[in-house]
Amino acid sequence: MSHLHWAAITEGLLESVWVVDPTTLQILAVNQAALRLVGATREAMVGSPVHAWASDLQDHVYWDEWRSGIRQMLESEAWLRRTDGELLRVQRRIGPVHPEGGAPVVLVAMQDLTDWQRTQQRLEELLAELRAVLESSSDGILVCDLDGRVRAFNRAFAHIWELPEALLTEPDDAALLRHLAAAVQDASAFQARLSELQRAPLLEAHDIVLLRSGRILERSTRPQLARGRPVGRIHVYRDITEHAALDAKLRLAAKVFEASLDAIVVTDPQRHIVACNPAALRLAALDHDDASGWPIETLLDAPNRPGWPVQVDQALAERGYWEGELWLRRPHGPGVALLVSWVMLRDAQGQPLNTVLFAKDLSEKLEAQRRIEQLAYSDPLTGLPNRLMLGERVGHAIRLAQRSGQGFAVLFLDLDRFKGINDSLGHAFGDRVLVEIAQRLQRCLRQTDTLARLGGDEFVIHLHDANRHAAELAAQRIIEAVTRPVTIDEMQFTLSCSIGIAMYPDDGTTLDELIQCADTAMYQVKDRGKGHWRFYQPDMNADLLARIQTDHAMRQGLQRGEFELYYQPRVDLRRGRVTACEALLRWHRPGAGLVLPAAFIGVAEETGLIVQLGQWVLQQAVAQARRWLDAGQPTQVAVNVSALQFEQPGFVQEVAETLQRHGLPPSLLELELTETILVRDADDALAKLQALAALGVELSLDDFGTGYSSLTYLKRFPLHRLKIDRSFVMTLHEQAAADVAIVAAIVQMGHALGMEAVAEGVEHAHQLQRLRALGCDHFQGFWYARPLPAAEVAAHLGQAPALPSPASA
């Protein structure tokens, strides 16, 4: 078959076709597509060797095998050389053809791969770009086909869902879906949602997926389309855990902004107001839109710092914050003091974004501070200056006095018997009385003077530039003002006061010294009847110090055993022998010798130590009486009881327990009481005396005739004896008619009431003669025996002394 016939056959083909003689390897015929492919003419190609255009190794092998008798097809890619020297990549197919009646030929068909390779490369580039985009996304992307089979997912998806290594290397759709279901909080809802999306290929959806780990995923799913038809589905998972937390924080911040009790104002960098919270609007008395856009300086002020905006600018620029106090101007009403914290907010490049002002209303704080200062310097009840303010004013007066040489006076005032008002009418009533008295005292003073209340019913007065005469006149005015009748709630009563006066600089050079001296003088007034005034004298302090030292020494002496009981025998004039002893306290004070009661009993009564001393005396006297009883010398012991000891709630019980402890018959104990005990609280005294009498203890009234001597209580109280005071006995030997009459009356009255009479202080035989003549029952005194220690008095017990004959009455 000639090449013309081959040309006619191949010309209609799209592929490039060569007809090659396998013997000569020359090209017999080519079609037009082949000529275009290599850019040659038919003349140039026909008759040319095939190796001139295609010289791959595969070609040489093929032609060698052909000559060896191996006839086969070859299909591969090869390089084709164009006439311009360019190499083309072609897909070629070589195979033998056996025409009828002719020699076999080889048909080479080729297809240019240039466009296909270019397209393929572009597709690969696009796929690479898509893969890069897919992998660079921080969102997890899962691609599925319409049946739900997994086609692809990116690394972010694997990270978000924490896929195990096995699922990354060996795809397993079922295992992947199980892993996803196990990771979510509600597996059934998750799988139901996937099924719903699979049934609706065109559905787009957005929802939230909650993982068991606590993380929150936002899922966006949309169909994958090809030529407008769904071919799969893309699921995009975004981890919004931190975003949700940030949203929550922002919502919380918004709530805080709205609900904060402190004012918060946000401005732009030029400090024009952008936003105000409700507290700021309320504080500034503005509506929501009134302040927007205003320069914040129009609302704020610092009267004492005119250049405050410059200071704020400098602090915000250098440190990013400013703190201080400013005043808020308000359209109506007074300004408000603010404690301001001002901060600058900057962007990532450090440029100012906003400023935020936090302000706290200082009104309550300032009012509280003013109130604290008022309380610190004034008395809350009366409004008078207190000790602190008094100290400042007197300190100023001392400095003035040091320069001028002028003195001043300090008065210490205490109301008399004010405690009775508080106890009977209540503290509220007492407070009203104190307010009334404070007002009266204030009216007695000059504007330059200071009246201060120290507490209770104690007042201190500083008289500015006053000498002793001026202080005396002021004290008299004050006493007159206080003693005027007081009327409260239709109740009228009268008060008095005691005043001590100290002079600067004679009595002290400090306020403490002056108050101490004035206080000492005031107590001297109290001791001398109350209701008047007295200047301080230096010996007052000496006496006070001595009394303090005496109290301390007594307390130590009681612990060290320095006290001792002496006993003075008492003679029964009817029986003519000693039947009783009075227990008398003695103190062996180191450095002072034997101290008698007159030197320390008064101090013990003031300090309350008399109760402990009385208890000690009772214990010792009862114990001694028991020893005498055991020795066959039963002797009654008389023990003096102070008013304070008698008033103790457990006094009767104490006496009973003491008698029981020592096993002493109650009749061998006599308690000597004073008239003060009986009249202070007659009902309480009567109950206690009746209880003591019921025990069998005998009772006597000491120093009868020197006090109230009321016949009412004499007939009510179960007394056994009246003790005639020594002041009536002393002059009996001198035939003093008045004293004789008094003693006779006491004896007769006592007998009439069933009581015995005991005379104290008998020192002369004539006194004893007179007492016997008057019918006195007992006596004690130096005429017979002084008070003696227990060991010495034992010789007198039960003895019958030689008594003088009674004198005629």
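Criteria and thresholds
- Residues numbered from 1 in each chain as written.
- Predicted model: local features only at pLDDT ≥ 70, side-chain atom pairs only at ≥ 80, totals over all residues.
- Heavy atoms only, no water.
- Helix = DSSP H or I, 4+ residues; strand = E, 2+ residues; numbered from the N terminus.
- Rg over C-alpha atoms; globule rule 2.2 N^0.38 Å.
- Buried < 20%, exposed > 50% of the residue type's maximum accessible area, 1.4 Å probe, protein only.
- Contact = heavy atoms within 4.5 Å.
- Areas by Shrake-Rupley, 256 points an atom, 1.4 Å probe, with all protein chains shown as cover.
- Pairing = 2+ DSSP bridges.
- Patch = residues over 30% accessible without salt bridge, like charges linked within 9 Å, V, L, I, M, F, W, Y side chains within 5 Å.
- Salt bridge = Lys/Arg side-chain N within 4 Å of Asp/Glu carboxyl O.
- 1 Å grid on protein atoms, 1.4 Å probe; cavity = no way out; pocket = protein on both sides within 12 Å on 5 of 7 lines; lining within 4 Å.
- Points joined across faces, edges and corners; volume = space filled by probe spheres on them.
- Core = buried A, V, L, I, M, F, W, Y, C linked by side-chain atoms within 4.5 Å.
- Axes fitted to C-alpha atoms, helices over the stretch in contact; angles between N-to-C directions.
- Phe/Tyr/Trp six-rings, centres within 6.5 Å; stacked < 30°, edge-to-face > 60°.
- Nonpolar A, V, L, I, M, F, W, Y, C, P; charged D, E, K, R; others polar.

Trainee: Quick one: what's the story with the overall build of the chain, residue by residue and with numbers?
Mentor: The helix and strand inventory of the chain stands at 30 helices and 33 strands. In terms of C-alpha radius of gyration, the chain reaches 63 Å, well past the compact-globule figure of 28 Å for 809 residues. Taken over the C-alpha atoms alone, the chain extends approximately 205 × 75 × 55 Å along its principal axes. Here the chain holds 809 residues, and 43% of them are scored as buried. In the chain, the proportion of contacts linking residues at least 24 apart, taken out of those at least 6 apart, comes to 55%. In the form shown here, the chain has an accessible surface area of approximately 42,100 Å², with 53% of it arising from carbon and sulfur atoms.

Trainee: Describe the sheet that holds strand 12 (residues 273–276), listing the residues and the values that go with them.
Mentor: The strand order across the open sheet built from six strands is 12-11-16-15-14-13, with neighbouring strands paired in antiparallel fashion. Both edges of this open sheet fall to strand 12 and strand 13 (300–301), since each of them pairs with a single strand only. As paired elements, strand 14 (residues 321–328) and strand 15 (residues 336–346) share eight bridges and run antiparallel to each other. Considered in strand 15, the bridge of E325 is made with L339.

Trainee: An account of a nonpolar patch on the surface is requested, with residue identities and associated values reported.
Mentor: Where nonpolar side chains cluster on the molecular surface, the patch consists of L544, L545 and I548 and spans about 260 Å² of accessible area. Inspection of the secondary structure assignment puts I548 in helix 19 (residues 538–560).

Trainee: Provide a residue-level description of the layout of surface pockets, including the pertinent values.
Mentor: In this structure, the largest pocket spans a volume of roughly 1,000 Å³. L584, P597, I601, N640 and D702 are the residues nearest the centre of the largest pocket, which is lined by 37 residues in total. Counting only elements with at least two residues in the lining of the largest pocket, the list comes to strand 25 (577–589), helix 20 (601–607), helix 21 (609–630), strand 27 (636–640), helix 22 (643–646) and strand 29 (698–704). Among the elements that line the lining of the largest pocket, the one with the most residues is strand 25, at five residues.

Trainee: Can you tell me about the nonpolar core, naming the residues and giving the values?
Mentor: Soluble globular proteins: nonpolar side chains tend toward being buried together. Among the nonpolar cores identified, the biggest contains 78 residues, and Y567 and L671 are the most heavily contacted of them. For this core, the element with the most residues is helix 21, which contributes ten residues. Not counting the four nearest positions on each side in its chain, L671 is found in contact with L618, V639, V641, F651, V655, L692, V697, E698, L699 and S700.

Trainee: Which residues make up the pattern of salt bridges, and what values do they have?
Mentor: Within this structure, the stated rule accounts for 39 salt bridges. Salt-bridge contacts for R93 lead to E15; the nearest nitrogen and oxygen are separated by 3.8 Å. Of the two residues, R93 sits in strand 4 (residues 87–97) while E15 sits in the loop between helix 1 (3–10) and strand 1 (16–21), which places them 78 residues apart along the sequence. In this structure, the salt-bridge partner of D239 is R215, at a minimum N-O distance of 2.5 Å. In this pair, D239 sits in strand 10 (residues 229–239) while R215 sits in the loop between strand 8 (205–210) and strand 9 (216–226), placing the two residues 24 residues apart along the sequence. Since its relative accessible area comes to 29%, D239 is described here as partly exposed. By relative accessible area, which is 33% here, R215 ends up partly exposed.

Trainee: So what's going on with the sheet that holds strand 8? Residues and values would help.
Mentor: Strands sit in the order 7-6-10-9-8 across an open sheet of five strands; the sheet is antiparallel. One side of each edge strand has no neighbouring strand; the edge strands of this open sheet are strand 7 (150–153) and strand 8. Going across the sheet, the axis of each strand differs from the next one's by a mean of 25°, ignoring polarity. As paired elements, strand 9 and strand 10 share ten bridges and run antiparallel to each other. Looking at strand 10, one finds that L217 is bridged to D239.

Trainee: Can you break down the packing of aromatic side chains residue by residue, with the values?
Mentor: Tallied over the entire structure, the rule returns 15 aromatic pairs. Here F563 and W587 contribute two aromatic rings whose centre-to-centre distance is 5.4 Å and whose plane-to-plane angle is 20°, an arrangement assigned as stacked. Within this pair, whereas F563 is found in strand 24 (residues 563–572), its partner W587 is found in strand 25, the two being separated by 24 residues in sequence. There is no split in this pair, since F563 and W587 are both buried.

Trainee: Which residues make up the pairing of strand 6 (residues 140–145), and what are the values?
Mentor: Across the six residues that make up strand 6, a large majority, six, are buried. Residues G140, L142 and C144 point to one face of strand 6 and I141, V143 and D145 to the other, with burial holding for every one of them. Taken together, the six bridges between strand 6 and strand 10 define a ladder with antiparallel strand orientation. Note that in strand 10 the partner of C144 across the bridge is R233.

Trainee: Tell me about empty space enclosed by the protein, residues and numbers included.
Mentor: Enumeration over the complete set of coordinates arrives at two cavities of 30 Å³ or more. Lining the largest cavity are 17 residues, with V265, A280, A284, L299 and L328 sitting closest to its centre. Residue assignment for the lining of the largest cavity shows that the elements contributing at least two residues are strand 11 (263–267), strand 12, helix 11 (278–284) and strand 16 (352–361). If you tally residues by element for the lining of the largest cavity, the top one is helix 11, at four residues. Class assignment of the residues belonging to the lining of the largest cavity gives a composition of 17 nonpolar, no polar and no charged. Its volume calculated, the second largest cavity comes out at about 40 Å³.

Trainee: If you had to explain the environment of P49 to someone new, which residues and values would you point to?
Mentor: For P49, the location among the structural elements is in the loop between helix 3 (42–45) and helix 4 (57–67). Each C-alpha atom of the pair P49 and E490 lies 151 Å from the other, and the pair is 441 residues apart in sequence. Discounting chain neighbours no more than four positions away, the residues touching P49 are L25 and Q26.

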